[in-house]
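Structural overview
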Protein chains: 2
Amino acid sequence: MSKIENSRKIHRHVLCLASSIVLNLFLIYKWYLGAGWDPAVSNWTRKAATEAEAVAAISCSGHGRAFLDGLILDDKQQPICECNSCYGGLDCSQFFSACTVNADGGDPLFLEPFWVQHAASSAIVVAGWHRMSYYYGDQSTTSKELQRHIRKLHDMVGNAVTQEKYITFGAGSTQLLNAAVHALSSDNASSPARVVASIPFYPVYEEQTDFFRSVDFRFQGDTSLWKNYSEAGTDMIEFVTSPNNPDGQLNKAVLQGQNVKAIYDRAYYWPHFTAIPAPADEDVMIFTLSKLTGHAGSRFGWAVLKDKATYESMERYSELNTIGVSRESQLRALKLLKVVLQGGGKDLFEFGHQTMRKLWERLNKIISMSKRFSLQKIAPQYCIFFKKVREASPAYAWVNCEKEEDKDCYEVFQAGNITSRKGHRFFAGDRYVRLSLIRSQDDFDLLLHKLNQLVSEEEGSESI
Amino acid sequence: MSKIENSRKIHRHVLCLASSIVLNLFLIYKWYLGAGWDPAVSNWTRKAATEAEAVAAISCSGHGRAFLDGLILDDKQQPICECNSCYGGLDCSQFFSACTVNADGGDPLFLEPFWVQHAASSAIVVAGWHRMSYYYGDQSTTSKELQRHIRKLHDMVGNAVTQEKYITFGAGSTQLLNAAVHALSSDNASSPARVVASIPFYPVYEEQTDFFRSVDFRFQGDTSLWKNYSEAGTDMIEFVTSPNNPDGQLNKAVLQGQNVKAIYDRAYYWPHFTAIPAPADEDVMIFTLSKLTGHAGSRFGWAVLKDKATYESMERYSELNTIGVSRESQLRALKLLKVVLQGGGKDLFEFGHQTMRKLWERLNKIISMSKRFSLQKIAPQYCIFFKKVREASPAYAWVNCEKEEDKDCYEVFQAGNITSRKGHRFFAGDRYVRLSLIRSQDDFDLLLHKLNQLVSEEEGSESI
């Protein structure tokens, strides 16, 4: 090698090294002093992001979950795992096989895996100064962006007419149910409005109406008792749950007449649980995030209303009861609905429908082996959202104990280590129980396992 | 240079270059594929963080704020600026000097700058799957971590005894006020409980009690009317607001007797607004986040209760009314209280007290020039939190129009381009108005400006 060649070689090396060092310095600058990969993620969100990611990384063995606001034991830094029922231990890895499975309650955790899959698009950062005021920019307590997204959602799914209708928000549909009863009963009627519902019905209608002990309304039991009865000056308020809780039927109002008003509880009128034969178009319709996205904890619901006076009365109820709905819940609902609306809603509703459909098929297969139990029948129906005839996929199994001796169906299931909800809570008698199908996959798997045991113990039945 | 030296030099260069390239690759890996500076901030929080930082970076000229859930105009990507009153334009840079200033309402925005200063410690990331269930790990609807922090806060401030007491949550103190009235009135009394409050009082007590039209209670006006009256079998429920809204006085219950129960509304019993002479120890005490941290939009309050039956009834109310309080609000309240508790609470309460004290002094200085208006007097008092005697710093000015001809004090202020709250809303007559001092700095500055004009127009007065 000549000296010149060597010197050139060294030069080239020095140049390379210099560029490499410059690149290094640039990268180190970006890494330490800059803001990671994205200059917009600068400072103030970092601590919150780190905390949330750390909690999300706690595994809980796939049978539980840790939360940002979970209990922190004295000697630990991180929140504890909260285990699914029948699982325990610090990391939820212990399985208690003799344990009684929980098929009670309407916790919609079957949708949790969907939100884990959509982690990036569904997360929100709430700044310390976010919406401290009682009011939004328009001096109301309701987010107009959220209202707009709710209308878009109904248009997309085709499950409700919102054109020329008012929308009011509630802390879950629970608050709206009583606000609607309050709005529909007159202050100056000669006697309290009669509030009724068709058996089997969601027990909160009665519990709430009784508990608040208004001068203006009173719960009066089963709708059918009042079918041929009408009294001038006395309002009738009929709760219609459609699809019905517990039996999944697309109920319609039974009572007719000038003094009759219906409150349609449309909590389950989503493609997860039912065919959507046509957009609902009733005067008072109540929806909830709980059974749509599965966020029961957010306490967010809305009512779609035809009549301005009803709307105004329900808004006043919300103001004097809670000064509107938590702005954090509204912010979160908006974000979740944006995810639902992506791609025409196919993602969420296909996930929801396929999950519920599969569960229903597996459950049917077991119950069909049994002579002791029967399930409600729901006919296949054309769905305008999926644009095809679809089979049933209800939120709950409404089980009838068929045998003469099984007078207390709840006890039959309890003996099989299954906690159900008693039929008489729905005013339907003790031969019925409700089993929830919308809980976690763990709960459902365990339910099927115990149910299979119960059925296989029957004489003449075949287990699977 | 010998060949060997050259070759060594080249070798050293190659080695340097190689290490530099390795470092390059490592840094590029960290930058692109890794997680920025912190391995825990990996993927799913990034989009939410970027969105929140982008919205926070919208300046709105310091006279407004953009929010994550703000309106988005058709042709824009980002939410609009929501301007403080009397400011306008796309970026809130226009000032409308002839505009009427808003001194109505109790929006606690004076604390907003504190949370902007504490951005990093007060932000939260809410994952898509956060607390979807109706229940926390212990099957209740209330966060035990939050309860624990509330007890710590009262211990630290010294404003309430929580030992051997129950704590229940509400969607703001608003929900708890009616839940308490409901709990304290018997179901089987011979006549409805009489609900009373001492003039001047917060109008919601009456509005709420009237609106819900319960069989069990009825609003019956001013406490003093019932002072020497007692009737066997009829419950009396006395609202005691302490410090009082509107006048800031540390009120005590007026009524005595076996059938009398008091609900202490302790919304303003924090060092921002009053000396804390001793820990409050009443049977029913209601607190709210709104006037503590300024987060009125979060709708979070709590009651500290001595009696188990009252606690259980209020929990049942919350369940049948709203199935507890939004889990997002509880998560956020927990985070905010953690910030408040840092360093013994000095940060927040010194900020709050100094801000309110300064406003009160400036206001007093102007009103003292006036013969037309007078303000309430609040005596200096020893504060166990600040460990010294401190002067008044109330949330509201309770203004009396002294002149014979100023019969409608509200109109006097309106003519001076100030919107106040009418005295008769507090059942105190039209010679009084309430001016809010807890709104934004913009609102307060403008209020003083208009007030100064009003006072300077008086005969014989001196403007400042």
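Structure: above.
Residues numbered from 1 in each chain as written. Chains lettered and ligands numbered in written order. Predicted model: local features only at pLDDT ≥ 70, side-chain atom pairs only at ≥ 80, totals over all residues. Heavy atoms only, no water.

Quick word on the interface of chain A and chain B
Listed by partner, the interface residues are 113 residues for chain A and 113 residues for chain B. Each partner contributes to the roughly 10700 Å² buried at the junction of chain A and chain B, and carbon and sulfur atoms together form 60% of this total. The tally of links between chain A and chain B comes to 13 salt bridges. The salt bridge partner of D69 of chain A is R131 of chain B, with a shortest N-O separation of 2.9 Å. Applying the counting criterion to the chain A and chain B interface returns 57 residue pairs in polar contact (both at pLDDT 80 or more). Grouping the amino acids of the side of chain A that touches chain B by side-chain chemistry returns 50 nonpolar, 35 polar and 28 charged. Bridge count between strand β6 (residues 124-126) of chain A and strand β6 (residues 124-126) of chain B: three bridges; the pairing is antiparallel. Counted as the bridge partner of I124 of chain A is V126 of chain B from β6 of chain B. (Contact = heavy atoms within 4.5 Å. Buried area = accessible area lost by both parts, 1.4 Å probe. Salt bridge = Lys/Arg side-chain N within 4 Å of Asp/Glu carboxyl O. Polar contact = N/O pair within 3.5 Å; in protein donor to acceptor, adjacent residues only side chain to side chain. Nonpolar A, V, L, I, M, F, W, Y, C, P; charged D, E, K, R; others polar. Pairing = 2+ DSSP bridges. Helix = DSSP H or I, 4+ residues; strand = E, 2+ residues; numbered from the N terminus.)

Considering the relation of the copies chain A and chain B
One copy of the chain maps onto the other through a rotation about an axis followed by a shift along the same axis. The two copies are related by a screw motion: chain A maps onto chain B through a turn of 180° and a shift of 0.1 Å along the axis, at an RMSD of 0.3 Å. Such values leave the two copies arranged in the relation of a two-fold axis. A share of 99% of the interface residues of chain A reappears at the interface of chain B, consistent with the copies meeting face to face through the same patch. (Least-squares fit on C-alpha atoms with pLDDT ≥ 70 in both.)

Digging into helix α8 (residues 308-322) of chain B
All names here are of chain B. For α8, with 15 residues, the first-to-last C-alpha span of 21 Å sits near the 21 Å given by 1.5 Å per residue. When we look at burial in α8, the residues that qualify are T310, Y311, S313, M314, Y317, S318, L320, N321 and T322. Of the residues flanking the end of α8, it is I323, one or two places downstream, whose phi is positive at about 50°. (Expected span 1.5 Å × (residues − 1). Buried < 20%, exposed > 50% of the residue type's maximum accessible area, 1.4 Å probe, protein only.)

Focus: a nonpolar patch on the surface
A contiguous nonpolar patch, built from Y382, I384 and V389 of chain A and spanning about 270 Å² of accessible area, is present on the exposed surface. Position of I384 of chain A relative to the elements: it lies in the loop between β15 (381-383) and β16 (388-390). (Patch = residues over 30% accessible without salt bridge, like charges linked within 9 Å, V, L, I, M, F, W, Y side chains within 5 Å. Areas by Shrake-Rupley, 256 points an atom, 1.4 Å probe, with all protein chains shown as cover.)

A word on the environment of G128 of chain A
Mapped onto the elements, G128 of chain A comes out in the loop between β6 and α5 (144-157). Here G128 of chain A is in contact with W115, S122, A123, H295 and R332 of chain B, once residues within four sequence places are set aside.

Things to note about the sheet that holds strand β17 (residues 396-401) of chain B
Residue and element names in this part refer to chain B. The four strands are arranged β14-β17-β20-β19 in an open sheet whose pairing can be described as antiparallel. Two strands close off the open sheet at either side, each with one partner strand: β14 (373-375) and β19 (421-422). Pairing between β14 and β17: three bridges, direction antiparallel. Its bridge partner being in β17, L375 is matched across the sheet by V399. Helix α10 (residues 346-368) contacts β14 and β17 of the sheet and is inclined by roughly 145° relative to β14. (Axes fitted to C-alpha atoms, helices over the stretch in contact; angles between N-to-C directions.)

A few points about the pattern of salt bridges
For the structure on display, the rule yields 45 salt bridges over all chains. E207 of chain A is the partner of R316 of chain B in a salt bridge, and the nearest nitrogen-oxygen pair spans 3.7 Å. Here the residue R316 of chain B occupies a position in helix α8, and E207 of chain A occupies one in helix α7 (residues 204-212), the pair thus bridging two chains. Given a relative accessible area of 30%, R316 of chain B falls into the partly exposed group. Its relative accessible area of 23% is what places E207 of chain A among the partly exposed residues. One salt bridge in this structure joins E51 of chain B and K335 of chain A, with 2.8 Å as the shortest N-O distance. Here the residue E51 of chain B occupies a position in helix α2 (residues 46-56), and K335 of chain A occupies one in helix α9 (residues 327-341), the pair thus bridging two chains. A relative accessible area of 27% means that E51 of chain B is categorised as partly exposed.

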